[in-house]
Structures are given as C-alpha cells and as structure tokens.
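Structural characterization, general
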Amino acid sequence: MADTGRATVYSICVMCTVRCPIEVEVENGQVKKIWGNPHVLGGRHLCPRGAAGKVFQNDSERLQYPMMRDGERGEGKWKRATWDEALDYIADKLKASIDKYGGESVVLGDRGGGFTDLQKAFIKALGSPNYLNHHGACSSSVHNAHNAIAGHRRNTVAYDFKNCKYTVLYGRNILESIGTKEAKDFIDALESGMKFVHIDVRWNYTAAKADRFFIIRPGTDYAFNLALINTILRDNLYDAEFVDRWVLGMKELEEFIGPYAPEWAERETGIPAKEIRAIAHEAADLKPAVVFNQGWMTAWTENDYYFRRSIYILNALMGVYEAKGGLLFSKGEAAAGYKPVKMLKPLSPKVDRKRLDGVGWKYKHLSEDYGMAQMLPYAILKEDPYPVKALICYRFDPLSSFPDPAAYLEGLKKLDLLLSIDVNYSHIGWYSDVVLPECTYLERTDPVLVKKGPKPALWLRRQAVEPKYDSKPKWWIFKQLAERLGIGEYFPYNTIEELIEWQLQDTGIKLSDFDEKGVVSLSDKQILWDRKDGLQFKTPSGKIEFLSSLLEDNGIPSFPVYESPKKPPKGQYRLVTGKIGVHTQGTSLNNPYLNEIQSENTLWINTGEAERLGVATGDTVEVSVKGVTQEVKASVTDHIHPEAVFTLHGYGREIPLQTRAYQKGMRDNTLMKGLLKPTVGGNCPITECFVKIKKKP
Amino acid sequence: MSDYYIHQDQKRCIGCRACELHCKTTHDVPVGPSFCKIIPVGPEVVGGVPRIHFVFMPCFHCEQPWCVAVCPTGAMNQRQKDGIVSVDRSLCIGCKTCITACPWGAPQWDKETGKVFKCDFCKDRLDEGLEPSCVTGCTTAALKWVTPAESSALRRERFAKGIAKDIPDR
C-alpha cells in the first residue's frame, strides 16, 4: 500500500461472491483502476461489477459510521455513535442474553462463502451452534444433494470446462451470472468445439449461444433428467467400468426409472422425446468429457432436491468424476504436501447444544454448514427449541434474499438485539438496533483464503487504500467484540498481519510471498486422483450412493415416485427470478455506474398471455399475491414459457438512503408469501410462487 | 494515419458491458455519457435458437472524421502520428456541431462542463505501450486490439474453419 505515487496491489474482489482475483492500480492513495489479476486469469479480464468497485468505494451512499437506532425499529431514525459506544452496547446486550438464556440464544447469520472462519469462530466461542447463512435461499438443495450422494459439497468439485466437450445447463445462466474465469473458460470451450444444451423457462444471453435450447415447463427439469437416465440405462450408454467400481444402487435406480420414458417426459416438460434421446446419446458419445451442470437457479421447487440428485446421477453414469473435461475434485494443502493453514474456529471448545433450525437432529441429512435460515423467525416466535434473543447479521440480509420479508420481520420483532455488520445499506440493517460499517474490500486485508481446487493455492485479499469514512475491517470488529465478551483468547492476534502469520505458521509460507502475484500456488500442476482406486467420496461406503444411506437411515426415500409440479391456478403465473451481468442482486443496484445500465427490473410475460391480459411492453402491471401488490413495467416476449413470468431479483429497494435504487422496480421476494419453509433439500421453495397480473388502470 | 482497429469477436462476446465499465472507470466519465456502448440487437430465432447480436460502438476514429471537419475551434482534432480523434477540451465551446456531424453518435456531451468528450482509444495508455481499457478488461477476451488488416484476417480464418468443419471427409 502506498500513500503517494503509483502502486499495484493484488487482492480479491467481492462485488459478488465469486471473488475473482484482482489487480488494483493505486495513485496518490486513491483507487485508480481495478483489473483482473493477470497472474491468475492470464490477462486483466474482469466483469463489469468488478470494474465498478472503484465507484462503490468512493460512494457516499454506503455505510459511513456506526449508527444506533433512535426511534422504533425500521422507522429510519438514527444517531451516529462512536465505535466504543456501539461495541459496548452490543456486548452488554449479548452478555445479558447469554447469561439469561445461554449461548444458543445468540445467532450469527452470514452471507457465506470463502471467508467464514472468523464469524464461525466467533459464534462458536460464544457457545452457540447457530451459524446460519443465505444458502437456504440459494444453493442448499444442490449442496445437500451432492453431500448425500457423493459426500461432497457443490463446490468441492470444479468443472473442467477447458477440456469439456458437452454440457447441459439447467437454468444456469453462466454468461450473465458471471464469474470472470468461468465465463471465459466457457467461451474458450465453445471456441474449441464444446457443444451445450440450455434448458430454462425463459431465454437469456446464455441460451443465445446454445447448440440446443428448450423452454421447459416450469418445475419439470427433474422429469427431463429422469428420461435421460431412462434412455441411458435402456440403451446401455453409461460408463460401465466407472459405475461398477464406484456406484452403489444401480439396481434400485433401474427399478425406479422404468416408467420415465422420453415420451412420458415430453408430455411433462414439452421437450420432444426424440430430442431427449438425442441428448442422452450425444453426451454418451463424448463421455467422460461431459458436465451436467448442477446449477442453482430457476427450479427451486418443493422437489428441487431430487432434481439436483438426478444431475449428480447423470454425472456419475457418464463417469465424469476426476476425468479430463468433467468434474475435478478440489484439493487442499495436504494433497499438495503442505501442512494446513490454521483456522480460528477449532480453538474454542466444542458446542453440544442442538441447532435452532433442526439441522443435525431433526433433519439429520442436511448440512450444518448452511443451516436453514428460513426457520429462524419461527424459532424466535415459538421459542422452539429454546429462546433466541440476539441476531448478528454479517453481510446477511434475509429481508432481501429470503421469501416473505413481512413474515421474517414478525420473528425479528421479538429479538432483544438485532445487529447488522455490512459495507452496504441493507434491508435488515434498516430494521437493526445497531449498524456497524465494515470497510470495503479495497480498504481491508482479510485472513488467508485456501483456494481449493485441482491446483490448490492460497489467495489473499489485501488492503489497497485507507478506509474511507469511519469504517473498520472485519477482523478488528470481531476481535473488539470478543475482548468485551471474554472470549478474546480465541482470537490470538492484534493486527491482521499477526493473524495471517499465525495462520501460515506451519506452511512455511510468508505474508511477503503474496507480494509478487497476490496468490501463492501450492502445486504447479493439477493434482488428480487415480480414477480406479483413488477417488474420495465421503459417503459412509466411500462410493457414490444412488441409494443413499444418509437418506434411507433417516427415513427419507432415495427414489420417491415423481410428482408433477403444480400448474398455476387459472389466471395465475409462476414467478421465476434471475440475474443479469451488471448486478449482484440488491447489493449493487445503488452503484452509480451499474445503476445507470439497469436501474429497474421488468416483468417478462409470454406474448400470448400478454394479449389475453391486454398488456403491451412498457405498460405498468400490478403483480399480486394474497394482499401484496407490486407494480412493474411489462416486457412482452415470445421467449418465456406461458406458465411463467420472470423478473430480475433484488429490485424495489426500500432504503431511502440509497437514492438511486430506492423504489425502482418491483421487490420480488415480498410476493413469495408463505414460502419461508423447509423442504427435503433444505432450500426454500422460492419458485412455488403464483401471482396474478393485471394491467394498471 | 489511423491504423488501429478494435476487433469484436461476436462468438466470444457475452454482452456483459465490462468494456463500458472499464472505459468509464479509466476516464472517470460521469453517469449519463459513455465513450463506448454495447447495443444488443435481437433476439431473433435462427435455426431454432433465439440469437442476439451485441454491437460494440466505440468511436471508429475515421480516416476523414466529419466531427473534426465541422469543429469551428479546432477542439476536435486528429492526432498526427496515429490518426486518433480526440477533443482538446480547452478549445471546446460546446456548440455540439460534432454531435450533429457524427453518424455513429461517438461524441458525448458532458453536462457538468458544457463540453464534448469522447473515446480517444485510451491514447495515454497507448503511449505507455498498453491497449485501450475496453480491450484489456474485456471479460471473455472478445475485443482485440489489432490493425484493420489483422481483423480481416481473423474473420477469414474463422469463416474458413467454419466451412472446413462441415466438409464430411476432411
């Protein structure tokens, strides 16, 4: 970091949670330009949101100083506080809650992602098992499906797009919900001849480049996959050697799959049977350089879990695990011959209280890494399984990301302390008692990130410029709270440099080793396990379990009979949401440059349906569900299924301090009434939302 | 004379607008104007799939720039050594004649200063041996900094590879 002159700082972006490696040009203590880190990306490529980080850092409409509520919750009356005032207040409230109700009465809600150790360490040291993150509204069903079937998370395997020859994407808008490297690799693969099939309820920029594109009846992606599996088994298209060695439950799969022929799926999905057969054969011809992408968007139905399982079944049948062009296992420090990077969480004693959301005891097949944050308001209201009195939200905004914010708020009202720590103004912050401003990613150094993958590396987010305003880094905020709460010993550092040196102590790597490239590679080449004997599936059997012991042992069937998704009641439509390349849902909407490109969302309506409704592009429509109405402009298009309407998620911000995004477009999650609930996969059934549409008089 | 060209590979372009953002953050362009723009045209169904064309619109830095010809003060000028067309803001009087003259909408209006500004192919970066920001930052390397002749060669090569693939017994 330099106060004068020019400097180059390598760091990690967080304009979205892909966290691309970046190169920051600094001049006279100011961010001059942000690029992709060429040492990792092979060039200075960086998505538009990453580039726009510069104006985010300079924006006056971000959190500037600690604020304490000076009126009722949500009333929007605030007073500026000093850090000491705010931290003392929070510590007193937390202490009171812990003394009276126990450590489990405190909950930490996190955005999740790579940098979670500090937050997890903090809540654990307080004696609470209640770490929740946003995945219940995102990819929980995918994580949990892969966990039951292969003992892995969604992201403990990487797609080898560079060498892939055939890909099927299900609503995974890979070219609009951009990770810089992933998008570039995908385009490189297309240029090298990779074929891909895109399935979605609507067209998008990814679909525009597909070899085959089908608009599927909403919620029937699972039926499509069942017919693929049916064809693969019937026509003997699977990788027999791989399946014999690594798969348990083929017999049960065969018994189950009989009725699900392509003709059946055609009636269910609208995709022609001959196309389904062709896709099964095309994929099989190119296996194992094939990826059935697990995705995480569009099909969050009640049975989403079984749909995600079917994706992993297809991947296993094609033998893609650890195959060139398929799914490659992520490896960490040990696989590369290094001692592990030290983490804070293991330092404090084990917590044996059960979780508030039932994960791990009521729902034994679901992972505690994600939890089910949708259960929090009910636990608070019913004091079941015990009283919950304090919520710390670290970049966690359930009122934006989860369905039905009104229902969520009902629970939050009963809290004794609601704290939000964020860089942005958030809906949860607006209702909080105290808001603490974290400094932006350009203004702070974070603990070391172990970037697991086929080629593991250590990455570092490094401070490029001094914090603007009275904002502080995360490591400092949690350390300050820990000291006040008598758990300081579990945070053995005074500066971030001390913390990093402690983390790296056993690895032989030094902080200065990050200077040159921003990352430290742990292996020059890909580490690949032996496909015959070396694959590590962390299931009880060590194999891929189509018949899952984790499910069967907990009374959950591995192969329940297919249930057709609900059709919208007459005059109603299924609301589906998604993303575009210039925004990270609600968090970037107020960015001056990104807002300039897409300041509002619209509602996509199928042409035929729009005619029946008398709606044309540009008309304002009222979208309503059970007493909630949102207004938005219509976009009429041929390229959406008539049962569905689509909008971009996260618009309709209701924080007046965000002047550019305030009340622009419609707030989709307010329409998702009654959808704060658990499903078998741990996800909220976000797309089980049926809306009425009327042209505004 | 101008021997620069930004080649846009349509097959690689994903319409993400990173070019616009890298441009704006390099030149600190205020909200409103934009030195380059991606214009999505479509979708239109071709062979069963709705395709879209992302048209990249920077300044083309014409060999005979009409904006320079009509500028009454000499503010709009063409750099001798390489033909880059840019504005000397100290001379611009805000008459907007260049905006009228340019058929492609390249000159942009800066309402804060009442003057015109525009794409200069990042000439300060070029002088340092770098490429324009839109090219450098492009997410998928769809934009390439080439000569017009190289762009023609790239197009020929792509076409040739495309037809060769369809010859059955190559």
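Small disclaimer: the values here were computed from a predicted structure and weren't measured.

The next thing to look at is the overall build of chain B. Along the backbone of chain B there are six helices and eight strands. For chain B, the α and β elements follow one another from N to C terminus as β-α-β-β-α-β-β-α-β-β-α-α-β-α. Going through the 170 residues of chain B one by one, you find that 47% of them count as buried. Sequence separation of at least 24 residues holds for 54% of the intrachain contacts in chain B that already meet a minimum separation of 6. Carbon and sulfur atoms make up 56% of the accessible area of chain B, which amounts to about 8800 Å² in all.

This brings us to the environment of Lys-274 of chain A. Secondary-structure assignment places Lys-274 of chain A in helix H12 (residues 273–286). Sequence separation between Lys-274 of chain A and Gln-119 of chain A is 155 residues, and the spatial gap between their C-alpha atoms is 51 Å.

Another aspect to go through is the layout of surface pockets. Computed from the structure, the second largest pocket encloses a volume of approximately 1600 Å³. Lining the second largest pocket are 41 residues, and of these Asp-9, Gln-10, Lys-11, Arg-12 and Arg-158 of chain B lie nearest its centre. Put simply, the parts of the chain that give the lining of the second largest pocket at least two residues each are helix H7 (180–191) of chain A together with strand S1 (5–8), strand S2 (37–46), strand S3 (49–57) and helix H6 (148–165) of chain B. No other element matches H6 of chain B, which puts eight residues into the lining of the second largest pocket.

Residues and elements named next belong to chain A. Taken as a whole and assessed by the stated rule, the structure comprises 63 salt bridges over all chains. Asp-433 serves as the salt-bridge partner of Arg-69, at 2.8 Å between the closest nitrogen and oxygen. Of this pair, Arg-69 sits in strand S4 (residues 67–69) while Asp-433 sits in the loop between helix H17 (427–430) and strand S17 (434–437), and the two are 364 residues apart along the sequence. In this structure, Glu-410 engages Lys-413 in a salt bridge whose closest nitrogen and oxygen atoms are separated by 2.9 Å. You can call Glu-410 partly exposed: its relative accessible area is 39%.

Take the packing of aromatic side chains next. Tallying each qualifying case throughout the model produces 34 aromatic pairs over all chains. Consider the rings of Tyr-321 of chain A and Phe-329 of chain A, whose centres lie 5.7 Å apart with planes at 25°: the pair is stacked. The exposure class of Tyr-321 of chain A is buried, given its relative accessible area of 0%. Residue classification places Phe-329 of chain A among the buried positions, given a relative accessible area of 0%. Judged by centre distance (6.3 Å) and plane angle (75°), the rings of Tyr-4 of chain B and Phe-121 of chain B are edge-to-face. Of this pair, Tyr-4 of chain B sits in the segment before S1 while Phe-121 of chain B is found in the loop between strand S7 (115–117) and helix H4 (123–127), placing the two residues 117 residues apart along the sequence.

Before going further, it helps to spend a moment on helix H1 (residues 18–27) of chain B. Most of H1 of chain B is tucked away: eight of the ten residues are buried. Phi turns positive one or two residues past the end of H1 of chain B, at Asp-28 of chain B, with a value near 45°.

This part covers the interface of chain B and chain A. For an interface, size is often stated in terms of accessible area lost upon the parts coming together. Counting residues at the interface gives 39 residues for chain B and 36 residues for chain A. When chain B packs against chain A, the two sides together hide about 3000 Å² of surface, and 60% of this comes from carbon and sulfur. The salt bridge partner of Arg-12 of chain B is Glu-191 of chain A, with a shortest N-O separation of 3.2 Å. On inspection of chain B and its partner chain A, the count reaches 19 residue pairs in polar contact (both at pLDDT 80 or more). The set of elements that each furnish at least two residues to the side of chain B that touches chain A consists of H1, S2, S3 and helix H5 (133–137) of chain B. Taken together, the residues that form the side of chain B that touches chain A break down as 17 nonpolar, eleven polar and eleven charged.

Once that is clear, we can look at the sheet that holds strand S10 (residues 195–200) of chain A. Residues and elements named next belong to chain A. Strand order in the open sheet formed by four strands is S11-S10-S9-S13, with parallel pairing between adjacent strands. Bordering the open sheet on either side are strand S11 (212–215) and strand S13 (290–292), each of which pairs with just one other strand. Going from strand to strand, the sheet's axes swing by 10° on average, the running direction of each strand aside. In this structure, strand S9 (residues 166–170) lies alongside S13, joined through three bridges in parallel fashion. Following the sheet pairing, Tyr-166 is matched in S13 by Val-290. Across the sheet, H12 touches S9, S10, S11 and S13, and the angle it forms with S11 is around 140°.

Within the secondary structure, Cys-439 of chain A is located in the loop between S17 and strand S18 (449–451). Along the primary structure Cys-439 of chain A and Arg-62 of chain A are separated by 377 residues, whereas in three dimensions their C-alpha atoms are 9.8 Å apart.

So, on to helix H18 (residues 474–484) of chain A. A large share of H18 of chain A lies buried, amounting to eight of its eleven residues. For H18 of chain A, the set of buried residues is Lys-474, Trp-475, Ile-477, Phe-478, Lys-479, Leu-481, Ala-482 and Arg-484 of chain A.

The subject of this paragraph is the nonpolar core. Grouped together as the largest cluster of nonpolar side chains are 156 residues, with contacts concentrated most on Tyr-170, Phe-224, Leu-253, Phe-292, Leu-317, Tyr-321 and Phe-546 of chain A. If you look at the next biggest cluster of nonpolar residues, it comprises 53 residues, including Ala-91, Leu-94, Leu-417 and Val-434 of chain A.

It is worth spelling out the packing of helix H5 (residues 117–125) of chain A against H18 of chain A at this point. Residues and elements named next belong to chain A. Between H5 and H18, the shortest axis-to-axis distance is 10 Å and the interhelical angle comes to 10°. It follows from the interaxial angle that H5 and H18 lie roughly parallel. Along the contact surface, H5 presents Leu-118, Gln-119 and Phe-122, while H18 presents Lys-474, Trp-475, Phe-478, Leu-481 and Ala-482. Taken together, the residues that form the contact of H5 with H18 break down as six nonpolar, one polar and one charged.

Cut-offs used in this document
Sequence order sets the numbering: in each chain, residues are counted from 1 along the sequence as written. All chains are assigned letters beginning with A, and all ligands numbers beginning with 1, in the order in which they are written. Whole-chain, interface and lining totals are the exception, using all residues; otherwise, since this is a predicted model, local features are given only for residues with pLDDT of at least 70 and side-chain atom pairs are given and counted only at 80 or more. The basis for the side-chain values is all heavy atoms of the structure; hydrogens and waters are excluded. Strands are runs of DSSP state E lasting at least two residues, helices are runs of H or I lasting at least four, and both sets are numbered from the N terminus onward. Relative accessibility thresholds used throughout: buried, under 20% of the residue-type maximum; exposed, over 50%; partly exposed, between the two (1.4 Å probe, protein chains only). Note on contacts: a residue pair is in contact if any heavy atoms of the two residues lie within 4.5 Å. Note on areas: Shrake-Rupley with a 1.4 Å probe; residue coverage comes only from the protein chains shown. Using protein atoms alone on a 1 Å grid, points that fit a 1.4 Å probe yet trap it form a cavity, whereas open point sets bounded by protein on both sides within 12 Å along at least five of seven lines form a pocket; residues with an atom within 4 Å of a point count as lining. Grid points are joined across faces, edges and corners, and a volume is the space filled by probe spheres set on the points. Here, a salt bridge means any side-chain nitrogen of Lys or Arg that lies within 4 Å of a carboxyl oxygen of Asp or Glu. Pairing of aromatic side chains here covers Phe, Tyr and the six-membered ring of Trp, requires ring centres within 6.5 Å, and sorts the geometry by plane angle: under 30 degrees stacked, over 60 edge-to-face, intermediate tilted. Here the buried area means the combined drop in accessible surface, using a 1.4 Å probe, for two parts upon being joined, counting both sides. Each polar contact in these results corresponds to two N or O atoms within 3.5 Å; when the atoms are within protein, one needs to be able to donate a hydrogen and the other to accept it, and residues that are neighboring in sequence are counted only if both atoms are side-chain atoms. Each residue gets one label: Ala, Val, Leu, Ile, Met, Phe, Trp, Tyr, Cys and Pro are nonpolar, Asp, Glu, Lys and Arg are charged, and the others, such as Gly, are polar. Here, strands pair whenever DSSP counts at least two bridges between them. All axes here are fitted lines through C-alpha atoms, helices being fitted over the stretch that makes contact, and every angle between N-to-C directions spans 0 to 180 degrees. The set of buried Ala, Val, Leu, Ile, Met, Phe, Trp, Tyr and Cys residues whose side-chain atoms join them within 4.5 Å is what this entry labels a nonpolar core. Note on terminology: angles under 35 degrees are roughly parallel, angles over 145 are roughly antiparallel, angles of 65 to 115 are roughly perpendicular, and the others are oblique.

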